[in-house]
Amino acid sequence: MTNAMQNKQRPFKTHKASHFLFETDEDGRVATITLNRPEKKNPLTFESYEELGDLFRSLHRASDVRVVVLRGANNNFSSGGDVFDIIEPLTTMKMPDLLAFTRMTGDLVRQIRACPQPVIAAVDGICAGAGAILAMASDYRLATPEAKTAFLFTRVGLAGADMGACGILPRIIGQGRAAELLFTGRVLTAAEGHAWGFYNALHERSSLIEEAQRFARMLADGPWFAHSMTKKMLDQEWSMGIDEMLESEAQAQAICMATGDFRRAFEAFAGKTKPAFEGN
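Residues numbered from 1 in each chain as written. Predicted model: local features only at pLDDT ≥ 70, side-chain atom pairs only at ≥ 80, totals over all residues. Heavy atoms only, no water.

1. Side note on the overall build of the chain
The condition is simple: Each helix corresponds to a stretch of at least 4 residues labelled H or I by DSSP, and each strand to a stretch of at least 2 residues labelled E; elements are numbered beginning at the N terminus. The globule rule used here is 2.2 Å times the number of residues to the 0.38 power, and the radius of gyration it is set against is calculated over C-alpha atoms. For the exposure calls, accessible area comes from a 1.4 Å probe over protein chains only, and a residue counts as buried if that area is under 20% of its type's maximum, exposed if over 50%, partly exposed in between. Contact criterion: two residues are considered in contact whenever any of their non-hydrogen atoms come within 4.5 Å of each other. In this description, accessible areas are obtained by the Shrake-Rupley approach with a 1.4 Å probe, and a residue is regarded as covered only by the protein chains that are shown.
Looking only at helices and strands, the chain has eleven helices and nine strands in total. Computed over C-alpha atoms, the radius of gyration of the chain comes to 19 Å, within 12% of the 19 Å expected from 2.2 N^0.38 for 280 residues, which places it in the range of a compact globule. For the C-alpha atoms alone, the extent of the chain along its principal axes is close to 60 × 40 × 40 Å. In the chain, which comprises 280 residues, the share counted as buried stands at 44%. When contacts within the chain are restricted to residue pairs at least 6 apart in sequence, those whose partners lie at least 24 apart make up 69%. Total accessible area on the chain is roughly 14,400 Å²; 57% of this is exposed by carbon and sulfur atoms.

2. Overview of the sheet that holds strand S8 (residues 188–189)
This is how the line gets drawn: A pair of strands counts as paired when DSSP detects no fewer than two bridges linking them. Helix axes are fitted only over the stretch in contact, all axes being lines through C-alpha atoms; the angle between N-to-C directions runs from 0 to 180 degrees.
In space, the three strands of this open sheet follow the order S5-S7-S8, with mixed pairing throughout. Strands at the two margins of the open sheet, each flanked by one partner only, are strand S5 (126–128) and S8. Sheet topology note: the S5/strand S7 (residues 148–150) ladder contains three bridges and is parallel. Directly across from Cys127, in S7, lies its bridge partner Thr149. The strands touched by helix H4 (residues 130–137) within the sheet are S5 and S7, with S5 carrying the most contacts at an inclination of about 90°.

3. With respect to the packing of helix H1 (residues 46–58) against helix H3 (residues 95–114)
The condition is simple: Should the near helix be turned anticlockwise from the far one by less than a right angle, the crossing is left-handed, and should it be turned clockwise, the crossing is right-handed. Under the grouping applied here, Gly and all other residues not named as nonpolar or charged are polar, the nonpolar ones being Ala, Val, Leu, Ile, Met, Phe, Trp, Tyr, Cys and Pro and the charged ones Asp, Glu, Lys and Arg.
It is at 8 Å that the axes of H1 and H3 come closest, and there the two elements cross at 35°. Remark: the crossing between H1 and H3 carries left-handed chirality. Residues Phe46, Tyr49, Glu50, Leu52, Gly53, Phe56 and Arg57 of H1 pack against Phe101, Met104, Thr105, Asp107, Leu108, Gln111 and Ile112 of H3. Its residues assigned to classes, the contact of H1 with H3 shows eight nonpolar, three polar and three charged.

4. Describing the pattern of salt bridges
Our working rule: Salt bridges are identified by distance alone: a Lys or Arg side-chain nitrogen within 4 Å of an Asp or Glu carboxyl oxygen.
According to the stated counting rule, one finds 21 salt bridges in the structure shown. For Asp107, the salt bridge identified is with Arg57, shortest N-O distance 2.3 Å. You can see Asp107 sitting in helix H3 and its partner Arg57 sitting in helix H1, a full 50 residues away along the chain. According to the relative accessible area criterion, Arg57 is partly exposed, its value standing at 35%. Ionic pairing is found between Asp235 and Arg110, a salt bridge with its closest N-O pair at 2.4 Å. In this pair, Asp235 is assigned in helix H9 (residues 224–236) and Arg110 in helix H3, connecting sequence segments 125 residues apart. You can call Arg110 partly exposed: its relative accessible area is 39%.

5. Some remarks on a nonpolar patch on the surface
Note the following rule: Nonpolar side chains (Val, Leu, Ile, Met, Phe, Trp, Tyr) are joined into patches within 5 Å and like charges within 9 Å, using only residues with over 30% relative accessible area and no salt bridge.
A contiguous nonpolar surface patch, about 290 Å² in accessible area, is contributed by Val83, Phe84 and Ile87. Secondary-structure assignment places Val83 in helix H2 (residues 83–90).

6. Let's talk about the packing of aromatic side chains
Centre distance and the angle of the planes are the two values used to describe a pair of aromatic rings. This is how it is decided: Pairing of aromatic rings covers Phe, Tyr and Trp, the last counted by its six-membered ring, and requires centre-to-centre distances within 6.5 Å; plane angles under 30 degrees mean stacked, over 60 mean edge-to-face, and any other angle means tilted.
This model, assessed by the stated rule, comprises five aromatic pairs. Here Phe46 and Phe101 contribute two aromatic rings whose centre-to-centre distance is 5.5 Å and whose plane-to-plane angle is 80°, an arrangement assigned as edge-to-face. Of this pair, Phe46 sits in helix H1 while Phe101 sits in helix H3, placing them 55 residues apart in sequence. Overall, Phe46 belongs to the partly exposed group, its relative accessible area being 21%. Here Phe101 falls in the buried class, since its relative accessible area comes to 12%. With centroids separated by 5.0 Å and ring planes inclined at 85°, the aromatic side chains of Phe198 and Tyr199 adopt a geometry described as edge-to-face.

7. Side note on the nonpolar core
Heads up, the condition is: In these notes, a set of buried Ala, Val, Leu, Ile, Met, Phe, Trp, Tyr and Cys residues joined through side-chain atoms within 4.5 Å is what counts as a nonpolar core.
Counting 52 residues, the largest nonpolar core has Ile33, Phe56, Leu59, Val123, Phe151, Leu169 and Phe198 as the members making the most contacts within it. Looking at which element gives the most residues to this core, the answer is H4, with seven residues. Residue contacts for Leu169: discarding those within four places in its chain leaves Met136, Phe151, Gly164, Gly174, Ala178, Leu181, Leu182 and Phe198. Counting 13 residues, the second largest nonpolar core, distinct from the first, contains Val30, Val67, Ala122 and Ala201.

8. A word on the packing of H3 against H4
Worth spelling out the cut-off: Here roughly perpendicular refers to angles of 65 to 115 degrees, roughly parallel to angles under 35, roughly antiparallel to angles over 145, and oblique to all remaining angles.
Axis separation between H3 and H4 bottoms out at 9 Å; the angle between their running directions is 25°. Our classification of the angle between H3 and H4 gives roughly parallel. Judged by the twist between their axes, the crossing of H3 over H4 is right-handed. Residues Leu108, Val109, Ile112 and Arg113 of H3 form the contact with H4, whose own contacting residues are Ile133, Leu134 and Ala137. For the contact of H3 with H4, a count of residues per class yields six nonpolar, no polar and one charged.

9. A closer look at the side chain of Ser78
Put simply, the rule is: Two N or O atoms form a polar contact when they lie within 3.5 Å of each other; inside protein one atom must be a possible hydrogen donor and the other a possible acceptor, and for residues adjacent in sequence the pair counts only when both atoms belong to side chains.
Relative to the elements of secondary structure, Ser78 occurs in the loop between strand S3 (67–72) and H2. At 2.8 Å, the side chain of Ser78 and the backbone oxygen of Asn42 are in polar contact. Apart from residues no more than four positions distant in its own chain, Ser78 is found in contact with Leu35, Lys41, Asn42, Pro43, Leu44, Ile126, Cys127, Ala128 and Gly131.

10. Let's talk about helix H10 (residues 242–257)
To be explicit about the condition: Here the expected length of a helix is defined as 1.5 Å per residue gap, with one fewer gap than residues.
Helix length check: H10 (16 residues) gives 22 Å between terminal C-alpha atoms against 22 Å at 1.5 Å per residue, within 8%. Where the residues of H10 are buried, they touch H9 and helix H11 (260–270).

All quantities given are derived from atomic positions and should not be read as evidence of function.
Given below as structure tokens:
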């Protein structure tokens, strides 16, 4: 028997995207988004920005998806905003339209951070501009040794302050390193990215997606309600003092302790079996 709030949820296994590929594994728990314009290294357009934002926003209602893998087609992640589909039109827009655009792109980052599912970026080849931002906004980043990451905004006469980069990037790699990348727009190599903590791990190109899917599956089969709470706390505690942090985490953990998953985990431990997490 379902209640009124459960009735608002829907499976995403059959979801179809228009401006990128969206697919799930057999039970719908792991969704994979593939930026799919390989002939131009998977750039973003006005339409794909908007559709990606709408998708991540709607994942709050997913009854099946527990983890999202974000990747690019054909050995590149994303070259950022399409030069002719986005950059050129922006040079002729007036301020109200420019602000509407920058708010729309920022909202995509907000929705990636706000959706309850952990997001895993699987980065290969070119990862530049807005593509680097998508990787930055993800919760976990894997890369190949061939990954080349660059926050290119200064190269086109813009500030490094784009889509949250000045706030989020320093929290990942530190203020000085973030300043270097955002002032210069230089390429961050995969080895540097791993050493600096931008990438959690490096994998060979042939195994990148397999490793991303394996890690996603491990999370999806784990206590996924608790994972969503961890993500929420990681996001909202940025602006808190220590007292607020401790109180927020006390409340969050008490909520998790009230779930059946907590009880199931204990019973499985006591019975020396593997727990089956149900998200409630």
